[in-house]
There are 2 protein chains.
Amino acid sequence: MAEFMTETEQRSPAVPHPGTAGERRGRTGDADAGQAGGHPERHPEARLEGQEAVALLERTRTLVDPELRAALESLPGSMRRIALYHFGWQHADGTPARGNAGKAIRPALVLAAATALGGPAGRTAAVRAAVAVELVHNFTLLHDDVMDRDASRRHRPTAWTVFGTADAILAGDALQALALRMLAEDPHPASGPAAARLADCVVELCAGQHTDVDMERRAPGEVTLDEVLAMAEAKTGALLGCACALGALYAGADGEDVAALDGFGRQAGLAFQLIDDVIGIWGDPRRTGKPAGADLAARKKSLPVVAALSSGTEAAAELAELYDEPYVSGDAEGIVRTALAVERAGGRDWAQAEAADRMARAVQELSRAVPAPEAAGGLLALAEFVTRRSG
Amino acid sequence: MAEFMTETEQRSPAVPHPGTAGERRGRTGDADAGQAGGHPERHPEARLEGQEAVALLERTRTLVDPELRAALESLPGSMRRIALYHFGWQHADGTPARGNAGKAIRPALVLAAATALGGPAGRTAAVRAAVAVELVHNFTLLHDDVMDRDASRRHRPTAWTVFGTADAILAGDALQALALRMLAEDPHPASGPAAARLADCVVELCAGQHTDVDMERRAPGEVTLDEVLAMAEAKTGALLGCACALGALYAGADGEDVAALDGFGRQAGLAFQLIDDVIGIWGDPRRTGKPAGADLAARKKSLPVVAALSSGTEAAAELAELYDEPYVSGDAEGIVRTALAVERAGGRDWAQAEAADRMARAVQELSRAVPAPEAAGGLLALAEFVTRRSG
C-alpha cells in the first residue's frame, strides 16, 4: 500500500471539475441522515456549490413528496402506519410528525439526470421514477435495519424496534411493490425499461447486503479490499447509478448515455462510501452526530480499515492485533491507538485518494454523456455535496 | 351460528357446476405442499376431474419451469443458491436436487384463465405472467416462514433455518424484484397493467400476513369471524384472484372480465382455505402428512375455530376454556375433546357450508366472463382440485 500513499497523498477527494483545483472542505454527512440545510463552508466556491445542491434537494422534496406521500397513503392501514413512521411523517402513535425522510439525494439524482439530458420537460416526466427510487431505497433501509439489528435511523428508533420485526419486513416488502407499481402504471415509454433496471438494481442491492452481513462474520484478515469495494459498489453505488440511469431513460437518452450516467452515479457512490468510512473513524462528532471512532469500536471492516490491514506494514500487524480483541466499552485510548494504526498503515490516505480517483472517474463518465458544463452542473453539485470531506 | 347450520348442513363444498350435483370426495392437500400426482378417488367423476387438473398442473410445470429456472439462474451466486434451495432444485450444499417446488396451482390458474379467454395463443403469451406469479408466491413463503418461525416447508427445512434469517429475507426481496422484472421486460401490451395488479396484490398479501401475525397474538375471544375471513381473503384469495386476472389480461380481456376472473380466484381461494382449515383439525394424517389436530394443538385461530367460538353455544364456552390453556404435549384426549367442541359448536358444518357457498360464488363469477362450460373446464378442474374434501 505504501506506493500509492506517495502517489496520492496530496490529492483531494473533492470534485476535480474544470477550474476548481484545490481542496474543498465543508460538512460531510451521511447521504441520508438529517435534513438538507446550509452550513457554513470554509471555501467560497464550495459554499456556492453547496447552495446549489441544497436548492436542488429542496426542489426535489417539493416535486417528489406529494407523489411519495400519496403512494404511502394508498397503503392499507397497517402498512401505511409503519411506512409513515419510517419516513418521519408520523410518530409511533400515529400522530403527525414534521417529517425527516432524509436528504432525498437519490430522487434528486434522478431529476438532475433527467434535466441534464432532457431539460425541464425531462425533469417533469421523471418525477414518478424519482419516487420509485426513493421507495426502493427506503425498503432496503427497513430490511437492512432488521438484519443489522440497528436501533436508530435518522435520530429516531428504527421501525422494527417500534413495530416488531415482522411488520418491518412486511412494510419493506410493500414499499418495494409500491416502487415498481409507480413505474408499471406510468404511460411514459421509458417506464418498462426503467422498471426492469430498478428491479435489477434491487437484486444487486440484495447481493451487496448479503456480502456485507457475511463479511462482518468473517475474521478481518479473511476479507480482501476488492471484496469490500465490490460490496460498496453493490450496496451504495448501484442505487445511485440506477437513479442517474433512470433519469437518463426518462429523458429519452440512448443506451450509451444511460450507461454513462449509471457509471457516474456508481463512481460517485463509491466516492461517497469511502468518505463516509473516513468520517466513521476520524469524523468530528459535533458535525457527524456519531461518536468518533464508532466504526472502530464496532470492529467494522470499513474500506480504510481493510486497506490498512492489507498494506503489509508494521502498523497493519498492530491493527490486526487490536481488531482481534473486542472493544472494551469506554476505552477511548484504545480507539485513538486503533485510528492511529489505520492512519500509519496508509488507510486514511488511501481512502481519500481512492475517493478522489472515483470522483474523477465519475466526472469522466458524466462528460461522455453531458459534455456541456452548464448542463452537468446539477449532477456535479449533488455528487460534490455527498462527498465533501469533514477535514 | 345454529341457524345457518340448518340452512346449509346438507350442502357440499364441491364445485356445483352444471350437471354434477352431489358430493365429491377425494384427497385434499395443501395447495402448495407435495407433488401433483394421481391418488385414488372414490367417485369416478371426481377422478376424471382430478386427472384433468393433474394434466394441467403437469403441462404448467413443463411451460413454466424453464423460464422460472432461467430467472433464478440469472441471480448473483449468493441469492441464486438460496432460491434454488427453496424451490427444491438444489440441496443445502448446492448439489442438484430432484425438485419439489409445489404443485404450481397459481401459474396453472394464470395459464388456464388465459386459455379460457384467449385460447392457446393466450396461454403461450401468459407464460411470463405465470412465472411472475409463482415468484411472488415463493417470495412471500420465504418471508412468512421467517416471521412465523416455521421450520419446515414441502418436507424440507425452511431456507431461514439453513441460510439464516438475513439471507432468507434477502432472497425473498430478490424474488419479488425478479417477478416484477419478468413483466417489466415483457413487450406484451398487458404487461404494464399486469405488473401494477401484481404489485397491488403484494401489498394486499403483506396486509394479510400482518393481520395473521397480529391475530395470533390476540386472545381467541377478541378475534371476529369477519376479521379471519378478511385475513384469509387477503392472504390466500388475493393471489389466486390475481393469477386468474393476469391470465385474463394477457388474453386481452376487458375490465369486467378481468374483475370476474379475479372474483373467481378469490372465492375459490377462500373455499380452499376453509377446507384446508377443516383438514387442519379433522384431516386424516395418512393423507395430509400432518398429525391430526395440529392446528388445535397450536391453538390456531382457524376459520372453523373462530366460527365455533362466536356461535354463542355451550360448546363455544367449553372451547374457549380449552383454548385458554396451552396444549400439553401428547394430550391426544385433549385434542379429541377440543375437536368435538368445535364440531358441536357448529364450526365444522359452517366451514364446509361456507366453502360450498364460496365455490358457488366462484362459479358464478366465472360464468360471467366464460359462459361456455368447455372453455371454463380447466379453471373449474383446478378449483375443484384444491378444494376437494378429505371426507
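In the annotation of an unreviewed UniProt entry, the entry for chain A reads Polyprenyl synthetase, and the organism field reads Streptomyces roseochromogenus subsp. oscitans DS 12.976. According to the UniProt record, the Sequence similarities (unreviewed entry) comment for chain A is "Belongs to the FPP/GGPP synthase family."

S.K.: I'm lost on the overall build of chain A in this one. Help?
M.R.: Counting its regular elements, chain A contains 17 helices and 2 strands. Counting across all 391 residues of chain A, residues that qualify as buried make up 60%. With the model as given, the accessible surface of chain A reaches about 14800 Å², and the carbon-plus-sulfur share is 52%.

S.K.: Honestly, the packing of aromatic side chains in this entry has me stumped. Any pointers?
M.R.: Within this structure, the stated rule accounts for 4 aromatic pairs over all chains. When the centroid spacing of 5.5 Å and the interplanar angle of 75 degrees are considered together, the rings of Tyr 85 of chain A and Phe 163 of chain A count as edge-to-face. Pair noted here: Tyr 85 of chain A is in helix H3 (residues 77-86) and Phe 163 of chain A is in helix H6 (residues 159-163), with a separation of 78 residues, a long-range link. For the pair Tyr 85 of chain A and Phe 163 of chain A, a shared accessibility class is recorded, and that class is buried. The ring of Tyr 85 of chain B has Arg 156 of chain B lying over it, and the distance from NZ or CZ to the ring centre is 4.1 Å.

S.K.: Hey, could you run me through H3 of chain A in this one?
M.R.: Working note: α-helix, 3.6 residues per turn, so residues spaced by three or four point in the same direction. All buried positions along H3 of chain A are accounted for by Met 79, Ile 82, Ala 83, Leu 84, Tyr 85 and His 86 of chain A. At the exit of H3 of chain A stands Gly 88 of chain A, carrying a positive phi of roughly 80 degrees.

S.K.: Looking at this structure, I do not really get the interface of chain B and chain A. What am I missing?
M.R.: Reports of interface size often rely on the accessible area that becomes lost once the parts have come together. In this complex, chain B contributes 31 residues to the contact, which on the side of chain A involves 31 residues. Together, the buried faces of chain B and chain A total about 2700 Å²; carbon and sulfur atoms form 74% of this surface. Our count for the contact surface shared by chain B and chain A stands at 2 salt bridges. In this structure, Arg 181 of chain B and Asp 200 of chain A form a salt bridge, with 2.3 Å as the shortest nitrogen-oxygen distance.

S.K.: Looking at this structure, I do not really get the packing of helix H3 (residues 77-86) of chain B against helix H7 (residues 165-184) of chain B. What am I missing?
M.R.: Between two packed helices, both the angle of their axes relative to each other and the distance between the axes serve to describe the pair. Residue and element names in this part refer to chain B. Axis separation between H3 and H7 bottoms out at 9 Å; the angle between their running directions is 90 degrees. The pairing of H3 with H7 is recorded here as roughly perpendicular in orientation. Counting all contacts with H3, which are made through Met 79, Ile 82 and Ala 83, the residues of H7 involved are Asp 167, Leu 170, Ala 171, Ala 174 and Leu 175.

S.K.: Would you take a moment to explain the side chain of Gln 90 of chain B for this structure?
M.R.: Within the secondary structure, Gln 90 of chain B is located in the loop between H3 and helix H4 (105-125). Other than its neighbours up to four places away in sequence, Gln 90 of chain B contacts Arg 81, Leu 84, Tyr 85, Thr 95, Pro 96, Ala 97 and Arg 156 of chain B.

S.K.: Sorry, what's going on with the relation of the copies chain B and chain A here?
M.R.: Both copies of the chain are placed relative to one another by a rotation about an axis and a shift along it. Mapping chain B onto chain A leaves a residual RMSD of 0.1 Å; the transformation is a rotation of 180 degrees accompanied by 0.0 Å of translation along its axis. What the superposition gives is, in effect, a two-fold axis relating one chain to the other.

S.K.: I'm lost on the pattern of salt bridges in this one. Help?
M.R.: Side-chain pairs of opposite charge can arise whenever the charged atoms involved come near each other. In the structure shown here, the tally under the stated rule is 42 salt bridges over all chains. One salt bridge connects Arg 181 of chain A with Glu 185 of chain A, and the closest N-O pair in it is separated by 2.1 Å. Under the relative-accessibility criterion, Arg 181 of chain A is labelled buried at 19%. Glu 185 of chain A sits in the partly exposed class, given a relative accessible area of 37%. With a closest N to O distance of 2.5 Å, Glu 318 of chain B and Arg 344 of chain B form a salt bridge. Within this pair, whereas Glu 318 of chain B is found in helix H14 (residues 314-324), its partner Arg 344 of chain B is found in helix H15 (residues 332-344), the two being separated by 26 residues in sequence. Residue Glu 318 of chain B is classed as partly exposed on the basis of its relative accessible area of 24%.

S.K.: In this structure, what is going on with the environment of Asp 65 of chain B? I would like to understand it.
M.R.: Residues and elements named next belong to chain B. Here Asp 65 lies in helix H2 (residues 44-73). Sequence separation of Asp 65 and Ala 104 is 39 residues, and the distance between their C-alpha atoms is 9.6 Å. If we ignore the near neighbours within four places in the chain, the residues touching Asp 65 are Thr 60 and Trp 89.

S.K.: Please explain helix H10 (residues 255-282) of chain B as it appears in this structure.
M.R.: With 28 residues, H10 of chain B should reach 40 Å at 1.5 Å per residue; the first-to-last C-alpha distance of 40 Å fits that figure. With 25 of its 28 residues buried, H10 of chain B lies for the most part within the structure.

S.K.: What am I meant to see in the confidence of the model for chain A here?
M.R.: Low-pLDDT portions of the prediction should not be read for the details of their coordinates. All names here are of chain A. For chain A, mean pLDDT is 87; residues scoring 70 or higher make up 85% of the total. Model confidence for chain A, summarised as mean pLDDT per element, is weakest for helix H1 (residues 2-8) at 31 and strongest for helix H7 (residues 165-184) at 98. Scored below 50 in pLDDT, residues 1-42 makes 102 contacts in the model with residues more than four places away or belonging to other chains.

S.K.: How should I be thinking about unusual backbone geometry in this particular structure?
M.R.: Glycine aside, a negative phi is what most residues show, and trans is what most peptide bonds show. Phi angles above zero are rare outside glycine, and Arg 149 of chain A is one such case at about 55 degrees. Looking at the element boundaries, Arg 149 of chain A is found in the loop between helix H5 (127-148) and strand E1 (152-153). We classify Arg 149 of chain A as partly exposed; its relative accessible area is 46%. A positive phi angle is found at Arg 154 of chain B, which is not glycine, with a value near 50 degrees. In this structure, Arg 154 of chain B sits in the loop between strand E1 (152-153) and strand E2 (156-157). For Arg 154 of chain B, a relative accessible area of 7% gives the class buried.

S.K.: Quick question: what am I supposed to make of the environment of Trp 350 of chain B here?
M.R.: All names here are of chain B. Looking at where Trp 350 falls in the secondary structure, it is placed in helix H16 (residues 347-369). Judged by its relative accessible area of 4%, Trp 350 is buried. Taking the C-alpha atoms as reference points, Trp 350 and Leu 274, 76 residues apart in sequence, are found 9.4 Å from one another.

S.K.: Sorry, what's going on with the environment of Arg 197 of chain A here?
M.R.: Residues and elements named next belong to chain A. Relative to the helices and strands, Arg 197 is located in helix H8 (residues 191-217). Sequence-wise, Arg 197 and Leu 246 are 49 residues apart; in three dimensions their C-alpha atoms are separated by 7.8 Å. What Arg 197 contacts, discounting residues up to four positions off in sequence, is Cys 242, Ala 245, Leu 246, Leu 249, Val 258 and Asp 262.

About the thresholds
- Residues numbered from 1 in each chain as written.
- Chains lettered and ligands numbered in written order.
- Predicted model: local features only at pLDDT ≥ 70, side-chain atom pairs only at ≥ 80, totals over all residues.
- Heavy atoms only, no water.
- UniProt positions renumbered as here; feature names shortened; annotations may be inferred.
- Helix = DSSP H or I, 4+ residues; strand = E, 2+ residues; numbered from the N terminus.
- Buried < 20%, exposed > 50% of the residue type's maximum accessible area, 1.4 Å probe, protein only.
- Areas by Shrake-Rupley, 256 points an atom, 1.4 Å probe, with all protein chains shown as cover.
- Phe/Tyr/Trp six-rings, centres within 6.5 Å; stacked < 30°, edge-to-face > 60°.
- Lys NZ or Arg CZ within 6 Å of the ring centre and 35° of its normal.
- Contact = heavy atoms within 4.5 Å.
- Buried area = accessible area lost by both parts, 1.4 Å probe.
- Salt bridge = Lys/Arg side-chain N within 4 Å of Asp/Glu carboxyl O.
- Axes fitted to C-alpha atoms, helices over the stretch in contact; angles between N-to-C directions.
- Parallel < 35°, antiparallel > 145°, perpendicular 65-115°, else oblique.
- Least-squares fit on C-alpha atoms with pLDDT ≥ 70 in both.
- Expected span 1.5 Å × (residues − 1).
- pLDDT = per-residue confidence, 0-100.

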